[in-house]
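# Structural overview
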Amino acid sequence: MNGKGLLRLIAIAVLVLPLGGCWNSRELNELAVVSGIGMDLVPETDEYRVTFQLVNPSSTSTSTSPGSGKPAVVVVSATDKTMFGALRRASKHVTRQLFFAHTQLIVLGEPLARDGINDIFDIFERSHELRLNSEILVARGSDAASVMKLLTPVESLPALGLVKKAQNTSSVWGENRPISVFDVIHGITGEGDLTINAVKINGDAEEGKKKSNLEGSETLTETVMSGLGVFRQGKLIYWMKDSEARGTEWLLNQIEETVLDIDADDKKESVAVNIIYSRTEVKTTIENGLPVFHVTIAEEGSVNETDSFVDLSKREDIMKLEQELEKKTRAEVMQAFHKGQQLESDIFNFGNELKRTNPQEWAALDGDWGRIFAEGKLDLKIKAYIRSTGMSLKPYIPEGK
Amino acid sequence: MFMKKEVIGPNQLLALIILFELGTAVLVPIGLESGHAVWLAILIALPGGIVLYLVFAHLYLQFPNQIISGYTRSILGPWLGWPVSLLFLPVLLYNGSRNLREAGDLLISASYDKTPILIINSIMIIAVMYILSKGIEVFARTAEIVLWIVIIMGCICIIAVISAGLVEYKNLFPLHMSDYKQALKSAYPNILIFPFGELMCFTTILPHFNKSRKIKKTGIAAIIVSACLLSFTHAIEMSVLGENLYSRTAFPMFTTITLVNMANFIQRLDALVMLTLIIGAFFKLTVYCYAAVAIANDLFKVNDTSRLVVPAGVIMLFSSFVSAQNYSEHMNDGKTFLQTILPVFCAVIPILLLLIHLVRRKFGLYR
C-alpha cells in the first residue's frame, strides 16, 4: 500500500470512528432517572407490580425551596410477569426512557416477601444499568408502592432519604446493617438464610403522598426503620425487632456503634453505655453430629450518661458495669439466637462459615441445615470493656438517693 | 529489499509482553475449575509459562534472523516445514478473532447495547490495521507508553476497590487439599496455554529485538510481572464477588468495579474498566494480526508487510462474528479450542521443534 492509499484509509477511519459513538447515544433530557424501585406481587396472580420513583428534574434544585410547587419525584407503576417486562411496559406512562444507573433503593412489599423473593434478583446481575449495590428494604405491613410514594422531609428524594435513614441507624443504633442486593444474592446462593432491613409506614399512607404532609413541622406520615425481616428459603417468616434484631447484628459482627442501657445498683437501666467497638468471632465445631458455635464477642464502650449514682472514679464500679454490659449483651445475643433456632433459620451466616472453613465436616452433615442448626449449641464468650467515662468521673447525683 | 530493519528495545518488549498477557485474561474469568484458588492456579502456571517462553527464546537464539515459520522449515526441512508453518496461519487468525469477539461482546453487554457488533469490531480492527501499517517499531513504542496508562488505571481501580472496603479475605481462604488439586488441574494445561502459551506469537516479534543477550531476562521479568498482576487482579475480583458470583458473571472485573462506592462520591468507575478492556484487546489483536501477517509474509515471500495487513484484518473481523452465533457458543468453542488445538501450536510444536533441532545438531544432521 502506498502513501496515498494509507492516507485514504486514515481519512475513512477518522470519519467513521466518531459515528460509532452516536449509536448508543442517550441524551440527559431524554432520560428519566429512576431513584428507587418498589416491587410488589399483584394479588392472586404471579405478576409483579413494579413501582418506579422518577426524579423530577425541574423541581430537584439543590436549595430545598418549598415554593417550586411540584414534588421532587414522580411515581409510576407497571405490571408484568417479569421485572424487565414491567420496566419496559412503564414506557406507556412515562415520556422518557427509564434510566437505572442511579437507582439507590429497592423496596419489597410484604406480600411479595411472604410469597418468596428468591427469583427476582437475576436482572440486577444481568443488567449493566441496575446496580448490585443498591440498598434493599422490605416494607413491613404495607406494599412497596406506598413506601415509594411517600414524600420525606429534609431529603428531597424519598428513595435517597430512605437509604440514608437505613445507613444512619445502622451506624449508630445497630439494629440494622447496610444490606444491598449483592448481599441478598449472597444470602440466597449461600447456605442458611438471610435478613433484610424492614421499613414501616407510620400514619396514613394516602396523606403521605401529598406535599401537604411536609408542610407542618411534624410530618404526620413518615417511614421508620423497623428491625429486620427474617427470610427462610426466600420467604418472609418473621419480623425481628429491637433487641432481637440487635442480637442478630451482634452475631453477624455488624455492630458499628450502639447504645446499651445497663443496670446500676439502685436503678434499673440507668447507665447509657455507647459501644464504640465490637468484634465477633465465630468458630463452629461438630460434636456428636451437632454443631457447637463458639462465638467470642469483644466490645468496648464508654459511659455517656448515668442517671443514678455510680462512682465512675473507682475501678471496682467500672468492673461491675463491665459485667452488667456483658450480661446485657449476652441476653440480647441469646434472644436472637434462640429465635433463629425456633424458626429453624440460620440467619447468622454460621452455615457459610462452617462450609468455608471445614468443607469435609460440612459434607458429612446430613439433612437440612436449618434443622441441624436448630439443634446446635451456642458457646458464647463476651468480653466487655469500658474505656472512658466521658467528660466527668463522679456524677453530681449524690450517693444512695 | 528491506528498507531499514525495525528494532525493539528491552523496555518495549517488556511492555508488549505485559500488555499482551494482561490483554483479555485480566477481564474474563480464567481457570474456573479452580474455584476460589484461581489466583493460586495462575501462580502455579507461571513456571510452566516461563519454561515455554525459554523454549521460544532458545529457538530464537539459534535462528536469530528467522521467525517461527522460517526455522520450522530449517528444522523440519522445506517439504514438511512449509505445511506445518502454514497451519499456524488459521490458528493465529482465529485466536485473534476470538479476542476481538470477546472484546466486542463485552463492550456490547456492558455498555453499547444498541450498537451492532460489526461497528464495534470494525473500529477496533481499523485501529489495529492502522498501527500495523506503521510497523512493529511504532507499535512497540506505543506499548511502552500505554503500559503506564494501564498501570495507573489499574492502581486507581484497585485502590478504589480496596478502600471502599469491598475486599473480603474470607473469600480467598482457607485453601484445602482439594483446592490445591483443582488449582493444579486448571493451571496445567488451561492457564498455561491461556494466557502464557499464547506468547507463541512473540516468536515472530523476537527477531526485531535488538539486544539478544537480554532476551531471556526481559521475557522472564515480563512474564513474572504479568502473572503477579493477573493473580492479584483475579484475587481481588474473587475476594469481592465471592466464588459463586465470580463463576457466574461474564465480566468479573466490570461487576467488581460497579460495586465501588466510596463515601457516595467515588463510584461508577466503569469507564476505566472499559478502557482497560479496549487497550488489552487492542494489543492482543495487534500481536496476533502481526504474527499472522509475518508468517504469511515469510511463507509466500511477500516483501511489503503492510500489503497483508488489510486482508488479515478483514479475515479477523469477519471470522469474529461469523464463527459463533452467540456468546455461549463462542465460549464453548473456545473451551474446545483451548483444550485441543491451541496446546498443539503453543506448546507441542515449539517443544518438538526444539528437540528435533537439538538432536539434529548433536548428530550433525544439518547439512
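Not measured: the values here are computed from a predicted model.

## Observations concerning the packing of aromatic side chains
Going through the model one piece at a time under the given rule, you end up with 26 aromatic pairs over all chains. On the basis of an interplanar angle of 70° and a centroid distance of 6.0 Å, the ring pair of A:Phe293 and A:Phe337 is categorised as edge-to-face. Of the two residues, A:Phe293 is situated in strand β12 (residues 290-306) and A:Phe337 in helix α10 (residues 315-342); the sequence distance between them amounts to 44 residues. The exposure classification of A:Phe293 matches that of A:Phe337, with both residues buried. For the pair B:Phe282 and B:Phe283, a centre-to-centre distance of 5.2 Å together with 85° between the ring planes defines the contact as edge-to-face. As far as the burial class goes, B:Phe282 and B:Phe283 line up, both buried.

## Looking at the UniProt feature "domain: Spore germination GerAC-like C-terminal" (unreviewed entry) in chain A
Under the local residue numbering, the UniProt record ascribes the feature "domain: Spore germination GerAC-like C-terminal" (unreviewed entry) to residues 226-390 of chain A. Within residues 226-390 of chain A, the helical portion is 35% and the strand portion 39%, while the C-alpha atoms at the span's ends are 30 Å from each other.

## As for the domain arrangement of chain A
All names here are of chain A. Under the domain assignment, chain A is made up of domain 1 (27-240) and domain 2 (241-401). The distance between the C-alpha centroids of domain 1 and domain 2 comes to 32 Å. Counting from both sides, the interface comprises 24 residues of domain 1 and, opposite them, 26 residues of domain 2. Carbon and sulfur atoms supply 54% of the area buried between domain 1 and domain 2, which totals about 2100 Å² over both sides. Linking domain 1 with domain 2 are two salt bridges, by the criterion used here. Across the salt bridge formed by Glu249 and Arg177, the nearest N and O atoms sit 3.2 Å from each other. Counting every contact that joins domain 1 to domain 2 gives eight residue pairs in polar contact (both at pLDDT 80 or more). Counting only elements with at least two residues in the side of domain 1 that touches domain 2, the list comes to α6 (158-172), β7 (194-202), β8 (222-232) and β9 (235-240). Sorting elements by how many residues they give to the side of domain 1 that touches domain 2 places β8 first, with five residues.

## Looking at the packing of helix α2 (residues 38-62) of chain B against helix α8 (residues 215-248) of chain B
Relative orientation and spacing of two packed helices are given, respectively, by the angle between their axes and the distance between those axes. Residues and elements named next belong to chain B. At a minimum axis separation of 9 Å, α2 and α8 run at an interaxial angle of 155°. Comparing the axis directions of α2 and α8 gives the class roughly antiparallel. With respect to the hand of their crossing, α2 and α8 are arranged in right-handed fashion. Residues of the contact of α2 with α8, tallied by class, amount to 20 nonpolar, five polar and one charged.

## Re the nonpolar core
Within the largest apolar cluster, 181 residues are counted, with the highest numbers of intra-cluster contacts made by A:Ile37, A:Met39, A:Phe52, A:Leu108, A:Phe121 and A:Phe124. When residues of this core are assigned to their parent elements, the largest contribution, 20 residues, is made by helix α10 (residues 270-300) of chain B. Dropping the residues within four chain positions of it, A:Leu108 is found in contact with A:Met39, A:Ile117, A:Ile120, A:Phe121, A:Ile136, A:Leu137, A:Val138, A:Ala139, A:Ala144 and A:Ile196. Core analysis: the next-biggest nonpolar cluster, separate from the first, contains 40 residues, A:Trp250, A:Ile275, A:Val333 and A:Ile382 among them.

## Section: the interface of chain A and chain B
Contacts between chain A and chain B engage 26 residues on the former and 36 residues on the latter. Taken over both partners, the interface formed by chain A and chain B buries close to 2700 Å², and the fraction arising from carbon and sulfur atoms is 58%. Seen at the junction of chain A and chain B, the total is three salt bridges. A:Glu125 is the salt-bridge partner of B:Arg248, the closest N and O atoms lying 2.6 Å from each other. Of all the elements in the fold, those that place two or more residues in the side of chain A that touches chain B are α1 (3-22), α7 (181-189) and α11 (350-357) of chain A. Here the side of chain A that touches chain B takes five residues from α1(A), the largest share from any one element. Grouping the constituent residues of the side of chain A that touches chain B by class yields 11 nonpolar, 11 polar and four charged.

## Some thoughts on α7(A)
Of all the residues in α7(A), the buried ones are A:Val181, A:Phe182, A:Val184, A:Ile185 and A:Gly187. Contacts made by the buried residues of α7(A) are with β5 (105-108), α4 (122-126), β6 (135-140) and β7 of chain A together with α8 of chain B.

## Remarks on the sheet that holds strand β10 (residues 258-262) of chain A
All names here are of chain A. Spatial ordering of the open sheet is given by β10-β11-β12-β13, a layout of four strands whose pairing is mixed. Both edges of this open sheet fall to β10 and β13 (377-388), since each of them pairs with a single strand only. In this sheet, adjacent strand axes meet at a mean angle of 35° when their direction is disregarded. Bridge count between β12 and β13: 11 bridges; the pairing is parallel. Its bridge partner lying in β13, Thr296 is registered against Lys381. Strand contacts of α11: β11 (271-287) and β12, with the helix running at about 50° to β11, the strand carrying the most contacts.

Parameters and conventions
- Residues numbered from 1 in each chain as written.
- Chains lettered and ligands numbered in written order.
- Predicted model: local features only at pLDDT ≥ 70, side-chain atom pairs only at ≥ 80, totals over all residues.
- Heavy atoms only, no water.
- Phe/Tyr/Trp six-rings, centres within 6.5 Å; stacked < 30°, edge-to-face > 60°.
- Helix = DSSP H or I, 4+ residues; strand = E, 2+ residues; numbered from the N terminus.
- Buried < 20%, exposed > 50% of the residue type's maximum accessible area, 1.4 Å probe, protein only.
- UniProt positions renumbered as here; feature names shortened; annotations may be inferred.
- Domains from an automatic or database assignment.
- Contact = heavy atoms within 4.5 Å.
- Buried area = accessible area lost by both parts, 1.4 Å probe.
- Salt bridge = Lys/Arg side-chain N within 4 Å of Asp/Glu carboxyl O.
- Polar contact = N/O pair within 3.5 Å; in protein donor to acceptor, adjacent residues only side chain to side chain.
- Axes fitted to C-alpha atoms, helices over the stretch in contact; angles between N-to-C directions.
- Parallel < 35°, antiparallel > 145°, perpendicular 65-115°, else oblique.
- Left-handed = near helix turned anticlockwise from the far one by under 90°.
- Nonpolar A, V, L, I, M, F, W, Y, C, P; charged D, E, K, R; others polar.
- Core = buried A, V, L, I, M, F, W, Y, C linked by side-chain atoms within 4.5 Å.
- Pairing = 2+ DSSP bridges.

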